[in-house]
Amino acid sequence: MQNAKPTTLSARHGLVLLAVAGLLLSGCNNRRGNVEATTATPTQAAPRVTKVRAVTLKEGVLTVSRTAGATLAPLRESNVASSASGKVLAVLVEEGSRVGAGQTVLRLDDATARTAVQNAELALEQARINLERTSRSTEGSLAPLQAALQAAQANLQVAQRRYTEGQQLFRVGAIAQVELTSLEAALGQAKSNAENAREALERAQRANREDLALLRVQVQQAEAQLAQARRALADTEVKAPFAGVVAEVYVNPGEFVAAGSRAFRLADVRRLEAKFRIPPSEAAKLAPGTGLNLDYGGQTYFARLSRTSQIPGTDRLVEAVATLQAPLPPGASASVRYTLEIAKGVIAPSGALLPGEQPRVMLVENGKAKAVKVEILGDNGSQLALRGVSAGSQVVFPVPASLRSGDALEVIR
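Below: a short report on this structure. Here the structure is a predicted model, which means the values were calculated and not measured. (Residues numbered from 1 in each chain as written. Predicted model: local features only at pLDDT ≥ 70, side-chain atom pairs only at ≥ 80, totals over all residues. Heavy atoms only, no water.)

Topic: the overall build of the chain
Piece 1. Within the chain, the regular secondary structure consists of four helices and 20 strands.
Piece 2. Within the chain, the proportion of its 413 residues that are buried is 29%.
Piece 3. If you take every contact in the chain between residues at least 6 apart in sequence, the share linking residues at least 24 apart comes to 76%.
Piece 4. Surface accessibility of the chain: about 25700 Å² in total, with carbon and sulfur atoms responsible for 51%. (Helix = DSSP H or I, 4+ residues; strand = E, 2+ residues; numbered from the N terminus. Buried < 20%, exposed > 50% of the residue type's maximum accessible area, 1.4 Å probe, protein only. Contact = heavy atoms within 4.5 Å. Areas by Shrake-Rupley, 256 points an atom, 1.4 Å probe, with all protein chains shown as cover.)

Focus: helix α2 (residues 111-172)
An α-helix turns once per 3.6 residues; consequently, residues spaced three or four apart project the same way.
Piece 1. Taking 1.5 Å of rise per residue, 62 residues should cover 92 Å, and α2 covers 92 Å from first to last C-alpha, within 8% of that figure.
Piece 2. Taken from the residues just after α2, Gly173 is the one with a positive phi, measuring 85°. (Expected span 1.5 Å × (residues − 1).)

Points about the pairing of strand β17 (residues 375-379)
Piece 1. Two elements, β17 and strand β18 (residues 383-387), share four bridges in a ladder whose sense is antiparallel. Its bridge partner being in β18, Gly378 is matched across the sheet by Ala385.
Piece 2. Where β17 folds back onto β18 in an antiparallel hairpin, the turn is made up of three residues, including Gly381, whose phi is positive at roughly 100°. (Pairing = 2+ DSSP bridges.)

So, the nonpolar core
Piece 1. Formed by 28 residues in total, the largest nonpolar core has its most connected members in Phe276, Ile278, Leu324 and Tyr338.
Piece 2. Looking at this core, the elements with two or more residues in it are β3 (58-81), β10 (262-278), β11 (291-296), β12 (299-308), β13 (318-324) and β14 (333-349).
Piece 3. Residue contacts for Leu324: discarding those within four places in its chain leaves Leu72, Arg270, Arg271, Leu272, Ala274, Leu294, Tyr301, Phe302 and Ala303.
Piece 4. In this structure, Leu106, Leu108, Phe242 and Val257 belong to the second largest nonpolar core, which totals 18 residues. (Core = buried A, V, L, I, M, F, W, Y, C linked by side-chain atoms within 4.5 Å.)

So, the side chain of Asp407
Piece 1. If you trace the backbone, Asp407 turns up in the loop between β19 (394-396) and β20 (408-411).
Piece 2. By relative accessible area, which is 16% here, Asp407 ends up buried.
Piece 3. There is a polar contact of 3.1 Å between the side chain of Asp407 and the side chain of Arg48.
Piece 4. Polar side-chain contacts of Asp407 include one of 2.8 Å to the backbone nitrogen of Arg404.
Piece 5. Discounting residues that sit within four places of it in the chain, Asp407 has contacts with Arg48, Gly367, Lys368, Ala369 and Ser402. (Polar contact = N/O pair within 3.5 Å; in protein donor to acceptor, adjacent residues only side chain to side chain.)

Points about the pattern of salt bridges
Piece 1. A full pass over the atoms with the stated rule returns 14 salt bridges.
Piece 2. In this structure, the salt-bridge partner of Arg114 is Asp110, at a minimum N-O distance of 2.9 Å.
Piece 3. Here Arg387 ties to Glu375 by a salt bridge, and the two come within 3.2 Å at their closest N and O atoms. Taken together, the residues span a long stretch of sequence, with Arg387 in strand β18 and Glu375 in strand β17 at a distance of 12 residues. (Salt bridge = Lys/Arg side-chain N within 4 Å of Asp/Glu carboxyl O.)

Regarding the packing of aromatic side chains
Any aromatic ring pair is given by two values, namely how distant the centres are and how the planes are angled relative to each other.
Piece 1. Summed over all chains, the structure comprises one aromatic pair.
Piece 2. Above the face of the Tyr250 ring, Arg262 is positioned so that its terminal group lies 3.8 Å from the ring centre. (Phe/Tyr/Trp six-rings, centres within 6.5 Å; stacked < 30°, edge-to-face > 60°. Lys NZ or Arg CZ within 6 Å of the ring centre and 35° of its normal.)

Re the pairing of strand β1 (residues 49-52)
Piece 1. By the alternation rule, side chains of β1 split into Thr50 and Val52, which are all buried, and Val49 and Lys51, of which none is buried.
Piece 2. With four bridges joining them, β1 and β20 adopt parallel strand pairing. Note on β20: the bridge partner recorded for Thr50 is Leu409.

Section: the environment of Leu377
Piece 1. Secondary-structure assignment places Leu377 in strand β17.
Piece 2. Residue classification places Leu377 among the partly exposed positions, given a relative accessible area of 27%.
Piece 3. Separated by 31 residues in sequence, Leu377 and Val346 place their C-alpha atoms 9.2 Å apart.
Piece 4. Ignoring anything within four residues of it in the chain, the contact list for Leu377 reads Ala343, Lys344, Gly345, Ala385, Leu386 and Arg387.

A few points about the sheet that holds strand β6 (residues 104-108)
Piece 1. The sheet built from four strands is open, its strands ordered β7-β6-β4-β9 with antiparallel pairing. Looking at the sheet topology across the chains shown, the edges are occupied by β7 (237-239) and β9 (256-257).
Piece 2. Where strand β4 (residues 86-91) meets β6, three bridges bridge the pair, whose relative direction is antiparallel. When the bridges of β6 are listed, Val91 appears paired with Leu106.

Remarks on the environment of Gln126
Piece 1. Structurally, the position occupied by Gln126 is in helix α2.
Piece 2. The exposure class of Gln126 is exposed, given its relative accessible area of 52%.
Piece 3. Once the C-alpha coordinates of Gln126 and Gln218 are considered, the two residues, 92 residues apart in sequence, prove to be 9.6 Å apart.

Here we look at unusual backbone geometry
Piece 1. Across the junction of Phe397 and Pro398, the peptide omega takes the value -5°, indicating a cis bond.
Piece 2. Within the secondary structure layout, Pro398 lies in the loop between β19 and β20.
Piece 3. For Asn366, which is not a glycine, the phi torsion comes out positive at approximately 55°.

Looking at the environment of Ala401
Piece 1. Within the secondary structure, Ala401 is located in the loop between β19 and β20.
Piece 2. On the accessibility criterion, Ala401 (75% relative accessible area) is exposed.
Piece 3. With 47 residues separating them in the primary sequence, Ala401 and Leu354 have C-alpha atoms 9.4 Å apart.

In structure tokens:
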């Protein structure tokens, strides 16, 4: 009997624990039921807000950059010809050498030219001597004629005075008619003598002037021949007409060069031309004087458009020429970059366009998305020039795939 009591107490304790566990489970079930009831109560759902980024549109000019291959050439290049004929004695510079304006490049045999100069100098000296000698002799030959004229004029004055006095005496009866007649005859002879002396002097002066004029012409001819001979002597040195680089020499020492034949090629590499070909539509938009960038050897140089041909070639492109000042080798290939104006309008990213047949963009208006139809005025691949939207508007970019017109938006920075 004593052993049975403990067993009964243990059973009671177990029942009590079961009861407590049941109460706890019951309380938990009640709370879950309340939560489920609360959740099941119908309530109004909060509106969906899409976070987007936006770009503020601005009015502007849409441009595009173009690149074309170009070939460099000297702006000024000349095949220099020899002005004289003769054997080449020496070539004073090598190909590729820089020369200054007036520097001698070739020297020809000048023996004949020097002899011609000496002969011309002698001829000029002789002509000058003849002129001086004739001038002195002219002065000597004119002196007697001038003295004779002076004497005849003095005799004429005396005869004129005597005849005047005779007339007065004849009127008062102091001399006879025959004496007055004799005085008149003497006056006539004096006049004739004076006139003859004057004509003789004038003839001599005329002849002397003609002789002197002819001799002066001979002196001028001799001076011209001397100048020509000196030029011919100077032409035996073929010189550079301008500063540049001797690109090529066409003759060698010992060869004969004819007057007018080319001797060397000279290029002015201080200023270059970049020649390239572009579509006619682009050439029409590039005005002379437009600035360009020329890339060569990893460096960028500034160039300026000088002209376009306006006539398409066989490849339907037109030739354009730009000038630049740069230490670049003629004949090299380079790249020319230029900018063209495509259109004017409201500028927007190309990615802001919505998919579809009609061009549209999504604007942000009063916190909501609004799809707006636009007209594309130009496209350079990364930006658009649009019509139909105003500068200052905000366009969604990039555009989420799920975004619809009317959706609430939150613009994030």
